[in-house]
Amino acid sequence: MAESDTNTTTDFIREAVAEDLATGRYTWVRTRFPPEPNGYLHIGHVKAFSIDFGVAEDFGGQCNLRFDDTNPVKEEVEYVEAQKEDIRWIGYDWGDREYYASDYFDQLYEWAVQLIKKGKAYVDSLSPEQIREYRGGFGEPGRESPYRDRPVEENLALFERMRAGEFEEGEAVLRAKIDMQSGNMNLRDPVMYRILHASHHRTGDKWCIYPMYDWAHGQSDSIEGVTHSFCDLGYEDHRPLYNWFIEQLGIFAPRQIEFARLNVSHTVLSKRFLGQLVQEGYVSGWDDPRMPTIAGMRRRGYTPEAIRAFMDSVGVAKKDSLVDMALLEYHVRDDLNRRAPRVMGVLRPLKVVITNYPQGKVEEFEAINNPEDESAGTRMLPFSGELYIEQEDFREDPPRKWFRLAPGAEVRLKHAYYITCQEVVKDPQTGELVELRCTYDPESRGGGTPDGRRVKGTLHWVSAPHAVDAEVRLYDRLFTEPDPMDVEEGEHWTSFLNPNSLEILTGCKVEPGLADASPGSRYQFLRLGYFALDPDSVPGKPVFNETVALRDTWAKIEEGRKGRRNRS
C-alpha cells in the first residue's frame, strides 16, 4: 500500500497489518477466507470476506479461498459451488488460489503423529458424554482422563487403528495434552480428531478420521503462508490454542486478529439457523428472497454495489452491535435509484374507461427510462381508452388533502393526459367497485393545458389492451422483532417469524415491454418501489420480487408501536 494513498480505508485491522510490515514481522501480506461448505453464505460472511479480500488488495497482497471441509456429514458440492458464485458476484476473486482443508489431511495427520511422539497428544477412550463431563465448566476445573498418560507407542498404535477404521464413531478420539486446569476451556485437552464413517466430497472413503476445525485451522493457514488470519470475536479465546499448536510444531506462525461480527436486525445470521428455516419449510430455500443469504438477496434484486456500500458504512469494529436493516435498504435504494429503469406496473388493478376517448384509437407516449441516467434513453408507451390504475389511488369518499382520483376530481396520468372521474360502477350483487368511467382533456397531452391549470395528483397506469399479466411477490421483514435470538425463557426464536413476510399478488398488470424481460433485471415501478424479475418467470408471464419499497414504512410502524407502548 503506497504511503501517498490517502483515500485507502483505515481501521484497527489495517493499522495492525501496516505495523507488521513496518516492523518486519512479515514482508508480505496474505489473507484467506475459510468458509465451511455446509450451507449458503449470508451477508455476515460478506463482512468477513470483504475484510479478507479488501486488506489483501490494499496492501498489494493475496487472498486465498480455502474451504474448511473437515466435516463430511454436513458438506456438499452444491454449497462449494454456491459459495464461489456468491463471492464472485459480490466482486472478489481468488485467482488460482482455491484450496481445501482436505488438501492438507495427509500433512495434518503427520503433524498429529509428531505431537503424539512428543507426548503432546493422546488417544482418549472416554465417551463423548464423559469427555464433556471431565472437561468441567467455567469456574469449575476439569479432570484428567484416565487414558491421558497412555505410553507414546500405545497412542501411536491406537491412532493408526483409528485411521484404519477399527473403531466405531465415538469410541476413540485424539486429544491434545495441554492443561485440564486452564481457565480457558479451549486449552482443556481439546479434541483434534474424531471418527466419522462418512464419504468425503473430495477424498471419498480414504479417511474415516477427520480433523476438528481448531486443529485444521491454524495449520492450514501456516501451510499456505497466510500472514494475517481475521476471525470474529467468537474465536478470540481460541487464539491461545492455535498458537500452542503452531509453537509445538515449530512451523510458520500467522497472526490472528479478531473483529466484531455483523448482526442485522429482523433476521438471523447463522447457517445453522438459516438451514433450519429451510429444512422445516419456513422459507422456500436458501435463495428465498426473505433470507439474508447472498443468493436470496441477489434473487430479491439487491446489487453487489449496494451491499459493498453497506459494508463500507458499517465499518470494522471490536464490539458487537445490531445494525438496522433499514441501513442496508437505504444503500439498495440509493444504488437502484441510479441504475434501475423506470416502468409502470399496477399491482391491484382498477379498470378505468375513458368515455370520450375515440374508440379503437391507440397513441404512444415517450417516457424517460431513468432521469438519473441520460444514457438510458426513452421508450414508447401505448395509451388507449381503457386503462388500469391502482385501487388505492381512488376513494369514493376521500379525506381532506386527497389529491388522487375521486368522483369529480381531476388527476394527471403520468406521461399522458388529465382525466376526471365522472361515474363509479359497482357490482350490483356485492357492491364491489369494478370500474371507473372518466373523461379526458385532449388538450392536456404531456401534462399541460392551454388554460395553465395544474393538478396535484399524478397516477401511474397501464393500457388495458396492452397490459401483461404478472405475479408480484411483496416482502416484509422475516422476523417481527429486531433481535429474534433475544428470547425469554420458554420461548423459541421461530415464534418471532413474521406471518406476513410474503404476500403473493396475481393478476397484476405491467407495461408490455416487460413481457420478455430477463431474470435478474431490476426496475423501479413508478410510485411503488424497486422490483426484480424472478427466475420463476417464463416468457409472457413475468414474476417480480419486491426488492425494496420507495420509503421505509417499517420504521414508521415501529415508531407508532413505541408511541402506543409509552402511552399505555
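Residues numbered from 1 in each chain as written. Predicted model: local features only at pLDDT ≥ 70, side-chain atom pairs only at ≥ 80, totals over all residues. Heavy atoms only, no water.

(A) Seen up close, the overall build of the protein chain. When helices and strands are tallied, the protein chain shows 13 helices and 25 strands. Over its C-alpha trace the protein chain gives a radius of gyration of 31 Å, far above what one expects of a compact globule, namely 24 Å for 568 residues. Projected onto its principal axes, the C-alpha positions of the protein chain cover 100 × 60 × 50 Å. Expressed as a percentage of the 568 residues in the protein chain, the buried residues total 53%. Residue pairs in contact within the protein chain that sit at least 24 positions apart in sequence constitute 71% of those at least 6 positions apart. (Helix = DSSP H or I, 4+ residues; strand = E, 2+ residues; numbered from the N terminus. Rg over C-alpha atoms; globule rule 2.2 N^0.38 Å. Buried < 20%, exposed > 50% of the residue type's maximum accessible area, 1.4 Å probe, protein only. Contact = heavy atoms within 4.5 Å.)

(B) Fine view of the sheet that holds strand S5 (residues 173-176). The four strands lie next to each other as S4-S5-S6-S7, forming an open sheet whose pairing is antiparallel. In the strand order of this sheet, the two ends are held by strand S4 (121-124) and strand S7 (209-211), each with one partner. Strand-to-strand twist in this sheet, taken as the mean axis angle between neighbours without regard to direction, amounts to 20°. Both strand S6 (residues 191-195) and S7 contribute to a ladder of three bridges, which runs antiparallel. Paired with Arg 194 across the bridge in S7 is Tyr 210. (Pairing = 2+ DSSP bridges. Axes fitted to C-alpha atoms, helices over the stretch in contact; angles between N-to-C directions.)

(C) Region of interest: the packing of helix H4 (residues 105-117) against helix H6 (residues 152-163). Where H4 meets H6, the axes come as close as 9 Å, and the angle between the chain directions of the two elements is 155°. Taken together, the axis directions place H4 and H6 in an arrangement best described as roughly antiparallel. In this structure, H4 crosses over H6, and the sense of that crossing is right-handed. Taken together, the residues of H6 that come into contact with H4 (itself represented by Asp 106, Tyr 109, Ala 112, Val 113, Ile 116 and Lys 117) are Val 152, Asn 155, Leu 156, Phe 159, Glu 160 and Arg 163. Looking at side-chain class alone, the contact of H4 with H6 contains seven nonpolar, one polar and four charged residues. (Parallel < 35°, antiparallel > 145°, perpendicular 65-115°, else oblique. Left-handed = near helix turned anticlockwise from the far one by under 90°. Nonpolar A, V, L, I, M, F, W, Y, C, P; charged D, E, K, R; others polar.)

(D) Spatial organisation of the packing of aromatic side chains. Per the stated rule, a full pass over the model turns up 30 aromatic pairs. Ring centres of Phe 105 and Trp 207 lie 6.1 Å apart, and the angle between their planes is 85°; on these two criteria the pair is classed as edge-to-face. You can see Phe 105 sitting in helix H4 and its partner Trp 207 sitting in the loop between S6 and S7, a full 102 residues away along the chain. Summarising the burial analysis for this pair, Phe 105 and Trp 207 share the class buried. Their ring planes at 70° and their centres at 4.9 Å tell us that Tyr 417 and Tyr 440 sit as a pair that is edge-to-face. (Phe/Tyr/Trp six-rings, centres within 6.5 Å; stacked < 30°, edge-to-face > 60°.)

(E) View of helix H9 (residues 271-279). Taken together, the buried positions of H9 are Lys 271, Phe 273, Leu 274, Gly 275, Gln 276 and Leu 277. Residues of H9 that are buried in the fold lie against helix H2 (43-58) and helix H3 (77-90). At the C-terminal side of H9, Gly 281 shows a positive phi close to 80°.

(F) Region of interest: the pairing of S6. Counting buried residues along S6, four of its five residues qualify, which places the element largely inside the surrounding structure. Bridge analysis of S5 against S6 gives three bridges, and the strand direction is antiparallel. The residue bridging Arg 175 from the neighbouring strand is Val 191, located in S6.

(G) Layout of the side chain of Arg 188. Structurally, Arg 188 is set in the loop between S5 and S6. For the buried residue Arg 188, which engages in no salt bridge, the nearest side chain bearing the opposite charge is Glu 140, 6.7 Å off. At a separation of 2.7 Å, a polar atom in the side chain of Arg 188 contacts the main-chain carbonyl oxygen of Arg 135. Once you skip the residues sitting within four places of it in the chain, Arg 188 turns out to touch Arg 135, Gly 136, Gly 137, Glu 140, Pro 141, Gly 142, Arg 175, Asp 179, Met 180, Gln 181 and Ser 182. (Lys, Arg positive; Asp, Glu negative; His and termini not counted. Salt bridge = Lys/Arg side-chain N within 4 Å of Asp/Glu carboxyl O. Polar contact = N/O pair within 3.5 Å; in protein donor to acceptor, adjacent residues only side chain to side chain.)

(H) Broad picture of the nonpolar core. Counting 47 residues, the largest nonpolar core has Ile 43, Phe 49, Ile 87 and Ile 307 as the members making the most contacts within it. Of all the elements in the fold, those that place two or more residues in this core are helix H1 (12-23), H2, strand S2 (62-67), H3, strand S9 (255-259), helix H10 (294-300), helix H11 (304-314) and helix H12 (325-339). Examining the composition of this core, we find that eight residues originate from one element, H2, more than from any other. Not counting the four nearest positions on each side in its chain, Ile 87 is found in contact with Phe 33, Leu 41, Phe 49, Phe 53, Leu 65, Tyr 92 and Trp 94. Judged by nonpolar contacts, the second largest core, of 33 residues, contains Leu 108, Phe 159, Tyr 193 and Leu 241. (Core = buried A, V, L, I, M, F, W, Y, C linked by side-chain atoms within 4.5 Å.)

(I) Molecular detail of the sheet that holds strand S3 (residues 98-100). The strand order across the open sheet formed by three strands is S1-S2-S3, and the pairing between neighbours is parallel. Each end of this open sheet is capped by a strand with a single partner; those strands are strand S1 (30-33) and S3. When the angles between neighbouring strand axes are averaged without regard to direction, this sheet yields 35°. Relative to S3, S2 is paired through three bridges, and the arrangement is parallel. By the bridge assignment, Phe 67 is partnered in S3 with Tyr 100. Along the sheet face, H3 touches S1, S2 and S3 and points at about 155° away from the line of S2.

(J) Just unusual backbone geometry, in detail. The backbone of Asp 189 shows a phi angle near 45°, a positive value even though the residue is not glycine. Here Asp 189 lies in the loop between S5 and S6. In this structure, Arg 527 takes a positive phi of about 70° despite not being glycine. As for its placement among the helices and strands, Arg 527 is situated in the loop between strand S23 (522-525) and strand S24 (529-533).

(K) Quick look at the environment of Glu 153. Structurally, Glu 153 is set in helix H6. With 37 residues separating them along the chain, Glu 153 and Ile 116 place their C-alpha atoms 8.7 Å apart.

(L) Expanded view of the pattern of salt bridges. Per the stated rule, a full pass over the model turns up 50 salt bridges. One salt bridge in this structure joins Arg 298 and Glu 85, with 3.6 Å as the shortest N-O distance. Taken together, the residues span a long stretch of sequence, with Arg 298 in helix H10 and Glu 85 in helix H3 at a distance of 213 residues. Among the residues examined, Glu 85 registers a relative accessible area of 47% and is labelled partly exposed. Note that Glu 329 is salt-bridged to Arg 477, the shortest N-O span being 2.6 Å. Of this pair, Glu 329 sits in helix H12 while Arg 477 sits in the loop between strand S21 (468-475) and strand S22 (502-510), and the two are 148 residues apart along the sequence. Like Glu 329, the residue Arg 477 is buried in the burial classification.

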